[in-house]
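Observations on chain architecture
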Amino acid sequence: MVETIRVLLVDDHELLRRGLDIVLQQEEDIEVVGEAGDGREAVSKATELKPDVVLLDVRMPAHGGISGGIEAAAAIKAATPATRIIMLTMSDEEADLYDAIKAGATGYLLKEIPPHEIAASIRAAMGGQSLITPSMATKLLNEFATMAKQGEEKREEAPVPPRLSGRELEVLRLIATGANNGKIGKVLFISENTVKNHVRNILEKLQTHSRVEAVLYAVREKILDLPE
């Protein structure tokens, strides 16, 4: 029996929430358990309902001390760490993308995504995949590269970054290209379960919440070198 994925919809536009609800009602393995129209309500509903996935708009009006979707994402992640957060937005600004990943989002999708792909994205998030399109992944890495070149001030006596095994580095390098578990397994001639184990170990060692955040951390700490 397939387990039902419980979803919370968060957007300040009721029409969009209704549209998403209608689309997801067609999926037997997905149930919309609640809706919210602002960040404060989103945090309250997520804490109460503990959904598996939150579809969350980036740009929402400030309310109740929560200034928008990114602050809401961070608060939801703190309250219910197991919840996957997918940012669904019109914004493809690098800063928004970077901030969303830092806040704990596992996916960042533009609202122009075809409706039939939304359910697939929710399932992928539940399967541990990071949902970033190739073009947005490039934006994210470019943003980070720019920050690195500008040179963040080095902290004295900075802690030594954790060490990854050679295989873990191979897996992380493939993650940086946007490869999913299946593709990584084929490239490295290992099973998907083995890939999942490597990913889990990487996240634990780097103390990160998502695959994309792990790549960012590894690049920043010079654990992973990406091609120019």
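Because the structure is predicted, anything quoted here is derived from the model rather than measured. Per chain, residue numbering runs from 1 following the sequence as it is written. Predicted model: local features are reported for residues with pLDDT of at least 70 only, side-chain atom pairs are reported and counted for 80 or more only, and whole-chain, interface and lining totals are derived from all residues. Each side-chain value is derived from all of the structure's non-hydrogen atoms; neither hydrogens nor water enter the calculation.

Per the convention used, a helix needs a DSSP run of H or I reaching at least four residues, while a strand needs a run of E reaching at least two, with both numbered from the N terminus. Regarding its fold elements, the protein presents 10 helices and six strands. Out of the 228 residues in the protein, the part that is buried amounts to 45%. Contact between two residues is taken to exist if any of their heavy atoms lie within 4.5 Å; hydrogens are not considered. Counted over contacts in the protein with a minimum sequence separation of 6, partners at least 24 positions apart contribute 66%. Surface accessibility in these figures is a Shrake-Rupley result with a 1.4 Å probe; residues are shielded only by whichever protein chains are displayed. Per element, the accessible surface of the protein, about 12,400 Å² overall, is 51% carbon and sulfur. Classification of residues uses two cut-offs on accessible area relative to the type maximum, computed with a 1.4 Å probe and protein chains only: under 20% is buried, over 50% is exposed, and between them is partly exposed.

With that settled, consider the packing of helix α1 (residues 14–25) against helix α5 (residues 115–126). The relative placement of two packed helices is expressed as an angle between their axes plus a distance between the axes. To get an axis, a line is fitted to the C-alpha atoms, and for a helix only the part in contact is used. The angle between two axes follows their N-to-C directions and goes from 0 to 180 degrees. Between α1 and α5, whose axes approach to 9 Å, the crossing angle comes to 70°. Here α1 is positioned roughly perpendicular relative to α5, judged by the angle of their axes. Here L20, V23 and L24 of α1 come into contact with α5, specifically with P115, I118, A119 and I122. Convention used here: angles under 35 degrees read as roughly parallel, angles over 145 as roughly antiparallel, angles from 65 to 115 as roughly perpendicular, and any remaining angle as oblique.

Any space left empty among the atoms is revealed by the rolling of a water-sized probe across them. Grid points spaced at 1 Å and placed over the protein atoms alone form the basis of the search, with a cavity being a set where a 1.4 Å probe fits but cannot get out and a pocket an open set showing protein on both sides within 12 Å along at least five of seven lines. Lining residues have an atom within 4 Å of a point. Grid points are joined across faces, edges and corners, and a volume is the space filled by probe spheres set on the points. In this structure the tally under the stated criterion is one cavity of 30 Å³ or more. By volume, the largest cavity amounts to about 30 Å³. Along the walls of the largest cavity sit V10, D11, L16, L20, L55, L56, D57, L88 and K111, which together make up its complete lining. Residue polarity is assigned by list, with Asp, Glu, Lys and Arg as charged and Ala, Val, Leu, Ile, Met, Phe, Trp, Tyr, Cys and Pro as nonpolar; anything else, Gly included, falls into the polar class. Looking at the lining of the largest cavity, its residues break down into six nonpolar, no polar and three charged.

A separate point is the packing of helix α7 (residues 166–176) against helix α8 (residues 181–188). Contact pair α7 / α8: the axes reach a minimum separation of 10 Å and the direction vectors enclose 130°. Between α7 and α8, the crossing angle belongs to the class labelled oblique. Considering the relative orientation of α7 and α8, their crossing is right-handed. Contacts between α7 and α8 involve R167, E170, V171, L174 and I175 from the first element and I184, V187 and L188 from the second. Among the residues forming the contact of α7 with α8, the class breakdown is six nonpolar, no polar and two charged. By convention, the crossing between two helices is left-handed when the near helix turns anticlockwise from the far helix through less than a right angle, and right-handed when the turn is clockwise.

So, on to the pattern of salt bridges. Criterion for a salt bridge: a side-chain nitrogen of Lys or Arg within 4 Å of a carboxyl oxygen of Asp or Glu. Applying the stated criterion across every chain yields a total of eight salt bridges. Here R18 ties to E14 by a salt bridge, and the two come within 3.4 Å at their closest N and O atoms. In this pair, R18 and E14 are both assigned in helix α1, four residues apart and thus about one turn of the helix distant. The exposure class of E14 is partly exposed, given its relative accessible area of 45%.

Moving on: the confidence of the model for the protein. Interpreting fine coordinate detail is not advised for predicted regions of low pLDDT. With 79% of its residues at a pLDDT of at least 70, the protein reaches an overall mean of 81. Scored between 0 and 100, pLDDT is the confidence that the predictor attaches to each residue. Least confident of the elements in the protein is helix α6 (residues 134–150), whose mean pLDDT is 60; most confident is strand β1 (residues 5–10), at 95. Across residues 153–157 the pLDDT falls below 50, and counting only partners more than four positions away or on other chains, this stretch makes zero contacts in the model.

Below, the discussion takes up helix α3 (residues 69–79). Looking only at α3, the buried set comprises G69, I70, A72, A73, I76 and K77. Taken around the axis of α3, the buried residues stretch over an arc of 155°, which confines them to a single face. Note: the arc covers the axis-to-C-beta directions of the helix.

So, on to the pairing of β1. Counted residue by residue, β1 has five buried out of six residues, so it is predominantly covered. Relative to strand β2 (residues 30–36), β1 is paired through six bridges, and the arrangement is parallel. Along β2, the bridge assignment pairs L8 with G34. Crossovers are marked right-handed if the path from the first strand over the helix to the second runs clockwise, as seen with the strands pointing away from the viewer. As for the winding sense of the linkage, the β-α-β connection from β1 through α1 to β2 is right-handed. Pairing between β1 and strand β3 (residues 53–56): four bridges, direction parallel. By the bridge assignment, V10 is partnered in β3 with L56. Strands are treated as partners if at least two bridges between them are detected by DSSP.

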